[in-house]
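Spelled out, the chains give:
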Number of protein chains: 2
Amino acid sequence: MTITITAFERSPDRGNGLARDMRVRWALEEAGLPYEVRLVSFKTMKEPAHLALQPFGQIPTYEDGDLALFESGAIVFHIAERHGGLLPDDAAARARAVAWMFAALNTVEPPVFDRALARILERDEPWYEQRLRGLEDSIRKRLDGLSHRLGDAEWLDGEFSAGDLLMVTVLRRLQGSDLLAEYPNISAYVARGEARPAYRRAFAAQLAVFNASNG
Amino acid sequence: MTITITAFERSPDRGNGLARDMRVRWALEEAGLPYEVRLVSFKTMKEPAHLALQPFGQIPTYEDGDLALFESGAIVFHIAERHGGLLPDDAAARARAVAWMFAALNTVEPPVFDRALARILERDEPWYEQRLRGLEDSIRKRLDGLSHRLGDAEWLDGEFSAGDLLMVTVLRRLQGSDLLAEYPNISAYVARGEARPAYRRAFAAQLAVFNASNG
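Just so it is clear, the structure is predicted and the values come from calculations on it, not from any experiment.

Moving on: unusual backbone geometry. Residue A:Pro60 is bonded to the preceding A:Ile59 through a cis peptide linkage, with omega at 0 degrees. Assignment of secondary structure puts A:Pro60 in the loop between helix 2 (48-51) and strand 3 (61-64). With a phi angle near 75 degrees, B:Glu71 is a residue other than glycine that sits in the positive phi range. Tracing the chain through its elements places B:Glu71 in the loop between strand 4 (67-70) and helix 3 (72-82). Look at B:Glu71 and you get buried, because its relative accessible area is 4%.

Right, dumping it as structure tokens:
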């Protein structure tokens, strides 16, 4: 059975690995699973064939035989449940890793994503500076909590897990900002994620798609 | 072993069941599990004892013997994994229910929560109307996708699941707005969730806390 995921034909992040297929590629690489990629355009994403797989017209999707999934968090969890290296065996540690998965996507990502969106869409609005400050204050509250909990540990809770994988992908959206630089332990944590061989293979694969579409 | 969760001593929603402990209470009621509640104030939430349980200083938390969890999505999943009625037995259907859990919290909740926050914090700003329209456009895109997928089904994918539980709690934040009224099938879906006996018990329990604190 071949695993097929979808990704942007031409990613708006210019191959910087911020699109949500990166999470799924990374998880597949950690699990050592081969996969194929079907590229979609902003037009085909909104057409019935894609909406049947992804009700909100987004990427990524995941197909494996009869199973079709959407939501990067759910896809990463599905891979993590079935293959080694992304969730601890111990039941309590596993539940805590799942808590970090939800923390990445429901607590840390929303203000981080809002800031990225505001920087694109609201730059010329009269409220831009005030809004950006408000968002950055919200992000700092999250990073304060994260930095305090992480301390000088390598990963959030013992061994590297799907919780770390999602958290690193969320935090990468702050790279190049003063925000991340204010938290050296978080910056080092993100760098540790990016140094993993599976991360590097996933990053190279999505960059190759972008380069080909601009070739 | 007694399950203990945390909730607001004085919920800012005035007992309307929008705080995130409601999700956990509802899941516990669906599973038929008794639980205790430890109330926290906005002050004690930020103190070391609570931060040890919840790194971001939020509610709810979940304690069961040696296991301590945070993130409402992860707590609901933990309950759903161990008890009947919240996740299908079939592996593919279960993976799809998890996809709806993540969709509720990572795709639908962020703009819905942003709108609620803007209505509180930005009401007096000169840009308020424009910002609200932008947020409501984002929410409509989500509701379009959700409404199309739901159609005239009772729940999002077969039997009621933890995905429906989370989605209904997210959508309730739109109640009283024109937004929800524009989608009769989604309104009816939310009403079906609220009509479940487990929902009603959970709602009554959180309302009793609010009433007691205003006694």
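Let us look at the packing of helix 4 (residues 91-121) of chain B against helix 6 (residues 162-171) of chain B. Residues and elements named next belong to chain B. Contact geometry of helix 4 with helix 6 gives a least axis separation of 7 Å together with a crossing angle of 10 degrees. On the basis of their axis angle, the class for helix 4 and helix 6 is roughly parallel. Taking contact as the criterion, the partners of Ala97, Trp100, Met101, Ala103, Ala104, Leu105, Val108, Glu109 and Val112 in helix 4 are, on helix 6, Ala162, Gly163, Leu166, Met167, Val170 and Leu171. Here the contact of helix 4 with helix 6 is built from residues that sort into 13 nonpolar, one polar and one charged.

Summed over the entire model, instances satisfying the criterion amount to 32 salt bridges over all chains. For A:Lys43, the salt bridge is made with A:Glu47, and the minimal N-O distance between the two is 3.1 Å. Residue B:Glu81 is joined to B:Arg82 by a salt bridge in which the shortest nitrogen-to-oxygen separation is 3.3 Å. Residue B:Arg82 is classed as partly exposed on the basis of its relative accessible area, which comes to 38%. It is possible to trace a salt-bridge network through shared partners that takes in A:Glu81, A:Arg82, A:Arg94, B:Glu81, B:Arg82 and B:Arg94.

Here the focus is the UniProt feature "domain: GST N-terminal" (unreviewed entry) in chain A. According to UniProt, the "domain: GST N-terminal" (unreviewed entry) feature falls on residues 8-87 of chain A. The span residues 8-87 of chain A is 32% helix and 19% strand, and its two end C-alpha atoms sit 28 Å from each other.

Turning our attention to the environment of A:Met167. Residue and element names in this part refer to chain A. When you line up the elements, Met167 lands in helix 6 (residues 162-171). Residue Met167 is classed as buried on the basis of its relative accessible area, which comes to 0%. Contacts of Met167, omitting those with residues within four sequence positions, involve Trp100, Ala103, Ala104, Val108, Leu146, Leu156 and Tyr189.

Residues and elements named next belong to chain A. Strand order in the open sheet formed by four strands is 2-1-3-4, with mixed pairing between adjacent strands. Every other strand in the sheet has two partners, leaving strand 2 (35-40) and strand 4 (67-70) as the edge strands with one partner each. Here the strands of the sheet are splayed against their neighbours by 20 degrees on average, with no regard to which way each runs. Pairing geometry for strand 1 (residues 3-8) and strand 2, over six bridges, is parallel. Across the sheet, residue Thr4 finds its bridge partner in strand 2, namely Glu36. Contacting strand 3 and strand 4, helix 3 (residues 72-82) runs over the sheet at an angle of about 130 degrees to strand 4.

One widely used convention gives an interface's size as the accessible area the parts lose upon coming together. Residues and elements named next belong to chain A. Splitting chain A by domain gives domain 1 (3-85 + 198-213) and domain 2 (91-196). Domain 1 and domain 2 are separated by 21 Å when their C-alpha centres are compared. Contacts between domain 1 and domain 2 engage 18 residues on the former and 19 residues on the latter. Carbon and sulfur atoms supply 59% of the area buried between domain 1 and domain 2, which totals about 1600 Å² over both sides. Counting across the domain 1 and domain 2 interface gives four salt bridges. Between domain 1 and domain 2 we count twelve residue pairs in polar contact (both at pLDDT 80 or more) in total. Going through the elements one at a time, helix 1 (21-31), helix 3 and helix 9 (197-213) are the ones with two or more residues in the side of domain 1 that touches domain 2. For the side of domain 1 that touches domain 2, the leading source of residues is helix 3, giving five residues. Tallied by class, residues from the side of domain 1 that touches domain 2 come to nine nonpolar, four polar and five charged.

Take the relation of the copies chain B and chain A next. Rotating chain B by 180 degrees about the axis while translating it 0.1 Å along that axis superimposes it on chain A, leaving an RMSD of 0.2 Å. Taken together, the rotation angle and the small translation identify this as a two-fold axis. An overlap of 100% is found between the interface residues of chain B and their copies at the interface of chain A, pointing to a shared contact surface.

Take the pairing of strand 1 (residues 3-8) of chain B next. Residues and elements named next belong to chain B. With six of six residues buried, strand 1 is to be regarded as a mostly interior element. As paired strands, strand 1 and strand 3 (residues 61-64) are joined by three bridges and run antiparallel to one another. Note on strand 3: the bridge partner recorded for Ile5 is Tyr62. One crossover worth recording links strand 1 to the parallel strand 2 (residues 36-40) by way of helix 1 (residues 21-31), and it is right-handed.

What follows concerns the sheet that holds strand 3 of chain B. Residues and elements named next belong to chain B. Sheet architecture is open: four strands sit in the order 2-1-3-4, paired in mixed fashion. Only two strands of the sheet have a single neighbouring strand rather than two, namely strand 2 and strand 4. Neighbouring strand axes in the sheet, compared pairwise and without regard to direction, differ in orientation by 20 degrees on average. Taken strand by strand, helix 1 contacts strand 1, strand 2 and strand 3, and its axis lies near 150 degrees from that of strand 1.

Conventions adopted
Residues numbered from 1 in each chain as written. Chains lettered and ligands numbered in written order. Predicted model: local features only at pLDDT ≥ 70, side-chain atom pairs only at ≥ 80, totals over all residues. Heavy atoms only, no water. Helix = DSSP H or I, 4+ residues; strand = E, 2+ residues; numbered from the N terminus. Buried < 20%, exposed > 50% of the residue type's maximum accessible area, 1.4 Å probe, protein only. Axes fitted to C-alpha atoms, helices over the stretch in contact; angles between N-to-C directions. Parallel < 35°, antiparallel > 145°, perpendicular 65-115°, else oblique. Contact = heavy atoms within 4.5 Å. Nonpolar A, V, L, I, M, F, W, Y, C, P; charged D, E, K, R; others polar. Salt bridge = Lys/Arg side-chain N within 4 Å of Asp/Glu carboxyl O. UniProt positions renumbered as here; feature names shortened; annotations may be inferred. Pairing = 2+ DSSP bridges. Domains from an automatic or database assignment. Buried area = accessible area lost by both parts, 1.4 Å probe. Polar contact = N/O pair within 3.5 Å; in protein donor to acceptor, adjacent residues only side chain to side chain. Least-squares fit on C-alpha atoms with pLDDT ≥ 70 in both. Right-handed = clockwise from strand over helix to strand, strands pointing away.

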